[in-house]
Structure formats: C-alpha cells, structure tokens
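Results of the structural survey
The primary structure of each chain is shown beneath.
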Amino acid sequence: MTEDPFVAHRSLLFTVAYEMLGSAVDAEDVLQESWLRWADVDRSQVRDPRAYLVRTVTRQALNRLRTLSRSREEYVGEWLPEPLLTSPDVAEDAELAESVSIAMLTVLETLGPTERAVFVLREVFEMPYGEIAEAIGKSAATVRQIARRAREHVAARRPRMQVSRSEQQAVVERFLTALRTGQLQELLDVMAPDVVLVADGGGLAAAAPAPIHGAEVVAKMLARPDRVVSAVWLNGAPAGRIEIDGRLAAVSLVVENGKVTRIHAMANPRKLTRLDEPAELAR
C-alpha cells in the first residue's frame, strides 16, 4: 500500500503554512483543514499531488493569515513568531534555516498576506509563477510584480550581513554564558552598542511593551544570576532556553560582526509549547 501523498509531504506542507503564519498552532489548524479537503478529492484527477496540496495549504493559510492580521493588531505588546525546537540538521540547508529563522519570520510579518504568500512560495520553495498565480487567484504577471515588491521589502529589512554557522554559534554561546553568570561586563562585551531587545509576553508574561535600545539598558535588564540557561536549536539556529522562577522563555539572536545586534525574547507561554520535540521541516 503506497503512502498517502498528504502524509508523504506533511513536513513540507507544515513548513509552508508555518512560514506564512509564524505560528505552529495555526499551521497545524491549516493542515487539518487542508486534510479534510484532500479527503474529498478525486485522486485520479490530480496529476501532481505535491503541487495540488501546496496550493490547498496556501489558500487555507491565506484565509487564516487575513484573520490573524486583524487580531494581531490588538495583540498586547510586541508580537514575535512562535519558536520551534529544531535539530542542528536543519541548519545544513542554509536557505531553509534562514527562511524559518525568527529574524526572517519577524520581517515577513511586515508584509501583507498576499505578498507574504508570494514571497514564501517563490523565494523559499521556488514555485513557478504560474502555480503561485493559481494558488492565490491572481495572474502570473501580477504575481511577478508582487514577488519583486516583496523581495525589495524583505531585502531592506533583513539582517545586513550573513554570518557563518560557526560564528553564530560562538557568539550565542558567549551570550548564554554571560546570561548564566549575570555579569554585566560580559553582556556588554558580547552585544553591539546599538543592540535592540524585543520581548513578547502577549499580556501573559512579564515583557517590555516596546523594543529596548542600547547595550547599557539591555545589559542591566538581563544581568541577573537567578536563572537556568541552556543552549538549544530554535528555527534552524543556535539559541537559548531560559527558566526564571519556573517561568520559561526562548531567546533567539541576530549576530553581525561578532556581536549580538538584536535579541528576540519569546515569553508568551502559549508560544512555548513546542520546545520539547523537534519540528519536522522540509523544502
């Protein structure tokens, strides 16, 4: 008995939905809705199950994204993506690792729903313009224009420099060591002077309501020894898991020129439910 195409491509479909939504919970809901639709399809009429399923998931994710866009306008404080525990193997595919990184997902959040869908399908999954057009209900010429605008938008906001995996890991380890010891100077040494801290508590955990700028201010906030800090791989990159008085947080870092330039701290407990089992991602 051959494996059902939906099952065979589930990791890919989840990755598409997650990159479009920035939320694993919502991505799973989209997959459930897509599965119900797939169950009613006459498979003999489907020439390319993979392409068909990606289109189905894209349409469902777009519907969900338009709804989420309205609700996120009312979100308490800063909104950050839901972090995923991943194996180090994800980093072997540099393009996949970058596309699911917290930094990239945060940039994608600044795109409109259609622009985000086109960017993800074209730039990450290399889908032909014609297939994207069919998935989102627009002409191929329009999709090309949307793709160009989305690329320019993302290029202007993504990290300026790409660092090697070894450099990223070394700087993250230095940062986590400084967090463990709570030493102010060690934190200052590993952060860029203009570092930015963005924290997401969602109104359910203590978090700064707006980004905090500057190494001095950020270091003073972070320099406290009463925490348990461990290294983990989140969204295809080295990161940190922090426990303070039984409360959990996940920390993802942007590194440039050997220094931490941006800190994403996710403390909303509803977004920290997937830190025990690695997610299955695929392109």
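Residues numbered from 1 in each chain as written. Predicted model: local features only at pLDDT ≥ 70, side-chain atom pairs only at ≥ 80, totals over all residues. Heavy atoms only, no water.

Turning our attention to helix H12 (residues 215-222). At 3.6 residues per turn, the α-helix brings residues three or four places apart onto the same side. Within the span of H12, buried status applies to Ala215, Val218, Ala219 and Leu222. All buried residues of H12 lie within an arc of 100° about the axis, which places them on one face of the element. Where the residues of H12 are buried, they touch helix H10 (165-181), helix H11 (184-190), strand S1 (191-200), strand S2 (212-213) and strand S6 (259-266). (Buried < 20%, exposed > 50% of the residue type's maximum accessible area, 1.4 Å probe, protein only. Helix = DSSP H or I, 4+ residues; strand = E, 2+ residues; numbered from the N terminus. Arc of directions from axis to C-beta. Contact = heavy atoms within 4.5 Å.)

All right, on to the packing of aromatic side chains then. The final tally for this structure, using the stated rule, is 3 aromatic pairs. Centroid distance phenylalanine 6 to tryptophan 35: 5.2 Å. Interplanar angle 70°. Geometry classified as edge-to-face. Residue phenylalanine 6 is located in helix H1 (residues 5-8), and its partner tryptophan 35 is located in helix H3 (residues 24-39); the two are separated by 29 residues in the primary sequence. On the numbers, 5.8 Å between centres and 50° between planes, the contact of tryptophan 38 with tyrosine 52 is tilted. (Phe/Tyr/Trp six-rings, centres within 6.5 Å; stacked < 30°, edge-to-face > 60°.)

Running from amino to carboxyl end, helix H7 (residues 113-124) crosses helix H8 (residues 129-136) at an angle of 145°, the nearest separation of the two axes being 10 Å. Considering the relative orientation of H7 and H8, their crossing is right-handed. Together, Thr114, Ala117, Val118, Leu121 and Arg122 of H7 and Tyr129, Ile132 and Ile136 of H8 make up the contact between the two elements. Among the residues making up the contact of H7 with H8, the classes are represented as 6 nonpolar, 1 polar and 1 charged. (Axes fitted to C-alpha atoms, helices over the stretch in contact; angles between N-to-C directions. Left-handed = near helix turned anticlockwise from the far one by under 90°. Nonpolar A, V, L, I, M, F, W, Y, C, P; charged D, E, K, R; others polar.)

Moving on, we get to the sheet that holds strand S3 (residues 228-234). Taken in spatial order, the 6 strands of this open sheet run S2-S1-S6-S5-S4-S3, and their pairing is mixed. At either end of the open sheet lies a strand with only one pairing partner, and these are S2 and S3. Here H12 sits on the sheet in contact with S1, S2 and S6, set at roughly 55° to S1. (Pairing = 2+ DSSP bridges.)

This next bit is on the nonpolar core. Phe14, Leu108 and Ile136 are the most contacted members of the largest nonpolar core, which has 52 residues in total. If you list the elements that add at least two residues to this core, you get helix H2 (10-21), H3, helix H4 (49-72), helix H5 (94-100), helix H6 (102-108), H7, H8 and helix H9 (140-155). Examining the composition of this core, we find that 8 residues originate from one element, H2, more than from any other. Excluding residues that lie within four positions of it along the chain, isoleucine 136 makes contacts with Thr58, Leu62, Thr114, Ala117, Val118 and Val143. Counting residues in each nonpolar core, the second largest holds 28 residues, with Met191, Ala208, Leu222 and Val251 among its members. (Core = buried A, V, L, I, M, F, W, Y, C linked by side-chain atoms within 4.5 Å.)

We now examine the pairing of S1. The buried count for S1 comes to 8 of 10 residues, which makes it a mostly enclosed element. When S1 meets S6, the two strands line up parallel, connected through 6 bridges. Along S6, the bridge assignment pairs alanine 199 with alanine 265. Sheet topology note: the S1/S2 ladder contains 2 bridges and is antiparallel. What sits directly across from leucine 197, in S2, is isoleucine 212.

Attention shifts here to the environment of valine 254. The residue valine 254 is located in strand S5 (residues 247-256) in this model. Taking the C-alpha atoms as reference, valine 254 lies 9.9 Å from alanine 239; in sequence the two are 15 residues apart. If sequence neighbours within four positions are ignored, valine 254 has contacts with Ala103, Pro159, Lys259, Val260, Thr261, Arg262 and His264.

With that settled, consider the pattern of salt bridges. Applying the stated criterion across every chain yields a total of 20 salt bridges. As a salt-bridge pair, aspartate 4 and arginine 43 come within 3.0 Å of each other at their nearest N and O atoms. Of this pair, aspartate 4 sits in the segment before H1 while arginine 43 sits in the loop between H3 and H4, placing them 39 residues apart in sequence. Taking relative accessible area as the criterion, arginine 43 reaches 33% and is therefore assigned partly exposed. Several salt bridges share partner residues, and in doing so they unite Arg10, Glu28, Glu82 and Arg274 into one network. (Salt bridge = Lys/Arg side-chain N within 4 Å of Asp/Glu carboxyl O.)

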